[in-house]
Amino acid sequence: MRFFPLKAGLHIGSQYLALVVLEKHRNVYRLNAAQVAELPSGLIQPSPANLNISDIGEFHVHLKKLLQPIKGIKTISLSLPDPSARAALLSSNSLPVRGSDRDQLIRWQMEKIFLAPLGSAKVVYQPIPSPRKTLLAVTIQSEILQQYE
């Protein structure tokens with residue numbers, strides 16, 4: 001039985017996997033474990049348009065080997081290679097307050113910026129505190145995200 005909750009973060013890079021596990025004691029996080037595992041060349045090929053993992057079975061072997069010694073983790077925060085996703089700063093002055101109209105307008109603005117249709121891409125956004133009322137919008141193709149999930 002664990003007295004303190006564990007938080008974990010996993011970074012998937014093109015050449016390695018990195019895992020960090022933290023324990024929360026009151027309002028302070030302490031390092032519980034950290035590991036790095038090298039990946040074979042070409043296994044992860046980050047791209048915003050094409051599938052990123054060339055061999056899912058081999059990737060699972062490396063991931064399981066990294067996670068196996070760590071017990072008590074229920075959720076893991078995931079960090080993907082930068083080229084897998086696209087990000088843009090958008091002005092939120094002219095956006096509708098909420099709802100599907102806002103989502104559609106953000107998708108349209110991102111398509112204009114990237115000069116490509118987003119299709120089934122997942123789009124998320126978050127306000128950035130600034131006097132210019134800015135949103136950080138990020139998109140990733142659903143197929144690419146499913147590979148990592």
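Structure: see above.
Here is what the cut-offs are and how they apply
- Residues numbered from 1 in each chain as written.
- Predicted model: local features only at pLDDT ≥ 70, side-chain atom pairs only at ≥ 80, totals over all residues.
- Heavy atoms only, no water.
- Helix = DSSP H or I, 4+ residues; strand = E, 2+ residues; numbered from the N terminus.
- Rg over C-alpha atoms; globule rule 2.2 N^0.38 Å.
- Buried < 20%, exposed > 50% of the residue type's maximum accessible area, 1.4 Å probe, protein only.
- Areas by Shrake-Rupley, 256 points an atom, 1.4 Å probe, with all protein chains shown as cover.
- Lys, Arg positive; Asp, Glu negative; His and termini not counted.
- Charge placed at Lys NZ, Arg CZ, Asp CG, Glu CD.
- Core = buried A, V, L, I, M, F, W, Y, C linked by side-chain atoms within 4.5 Å.
- Contact = heavy atoms within 4.5 Å.
- Pairing = 2+ DSSP bridges.
- Expected span 1.5 Å × (residues − 1).
- Arc of directions from axis to C-beta.
- Polar contact = N/O pair within 3.5 Å; in protein donor to acceptor, adjacent residues only side chain to side chain.
- Axes fitted to C-alpha atoms, helices over the stretch in contact; angles between N-to-C directions.
- Phe/Tyr/Trp six-rings, centres within 6.5 Å; stacked < 30°, edge-to-face > 60°.
- Lys NZ or Arg CZ within 6 Å of the ring centre and 35° of its normal.

Asks: Please explain the overall build of the protein as it appears in this structure.
Replies: Along the protein, the regular secondary structure elements total three helices and seven strands. Starting at the N terminus, the α and β elements of the protein follow one another as β-β-β-α-β-β-α-β-β-α. Relative to the compact-globule value of 15 Å for 149 residues, the protein shows a C-alpha radius of gyration of 18 Å, a clear excess of over 25%. Projected onto the principal axes, the alpha-carbon positions of the protein cover approximately 50 × 40 × 20 Å. Among the 149 residues that make up the protein, the fraction classed as buried is 33%. Working note: accessible area of the protein is about 10000 Å², and carbon and sulfur atoms make up 54% of it. Charged side chains in the protein number 17 positive and 10 negative. The centres of these two groups are separated by 12 Å.

Asks: Could you clarify how one ought to interpret the nonpolar core in this entry?
Replies: In a soluble, globular protein the nonpolar side chains are often hidden away together inside. Of all hydrophobic cores here, the largest spans 22 residues; its most connected members are Ile12, Leu17 and Phe59. Taken together, the elements giving at least two residues each to this core come down to β1 (6-12), β2 (16-25), β3 (28-38), α1 (56-67) and α3 (142-148). Ranked by the residues each element gives to this core, the list is headed by β1, at four residues. Look past the residues within four positions of Ile12 in its chain and what remains in contact with it is Leu17, Ile44, Phe59, Leu78, Ser79, Leu80, Pro81 and Tyr148.

Asks: So what exactly am I meant to see when it comes to the pairing of β3 here?
Replies: Each regular strand carries side chains that alternate between the two faces of the sheet. Looking at chain direction, β2 and β3 are connected through ten bridges and run antiparallel. Its bridge partner being in β3, Glu23 is matched across the sheet by Arg30. The antiparallel hairpin formed by β2 and β3 contains two residues in its connecting segment, where Arg26 sits at a positive phi of about 55 degrees.

Asks: Is there a simple way to explain α1 in this structure?
Replies: Taking 1.5 Å of rise per residue, the twelve residues of α1 would be expected to cover 16 Å, and the 16 Å separating its terminal C-alpha atoms lies within 8% of that figure. Where α1 is concerned, the buried positions are Phe59, His62, Leu63 and Leu66. End-on, the buried residues of α1 take up no more than an arc of 100 degrees, which puts them together on one face. In α1, the exposed residues that point more than 90 degrees away from the buried face are Val61, Lys64 and Lys65. Structurally, α1 contributes buried residues whose contacts are with β1, β2 and β3. Residue Asp55 occupies the N-cap position of α1, its side-chain oxygen lying 3.1 Å from the main-chain nitrogen of Gly57.

Asks: Quick question: what am I supposed to make of the sheet that holds β2 here?
Replies: Sheet strands pair by backbone hydrogen bonding; their relative direction is either parallel or antiparallel. With mixed pairing, four strands are arranged side by side in an open sheet as β3-β2-β1-β4. Of all strands in the sheet, those with a lone pairing partner are β3 and β4 (76-79), marking the two edges. Taking the axes of each pair of neighbouring strands and ignoring which way they run, one obtains an average angle of 15 degrees across the sheet. Across the sheet, α1 touches β1, β2, β3 and β4, and the angle it forms with β2 is around 30 degrees.

Asks: Whenever I open this one, the packing of aromatic side chains confuses me. Can you help?
Replies: Two numbers describe a pair of aromatic rings. These are the distance of the centres and the angle of the planes. Enumeration over the complete set of coordinates arrives at zero aromatic pairs. Lying across the ring of Phe114, Arg86 places its NZ or CZ 5.3 Å from the centre.

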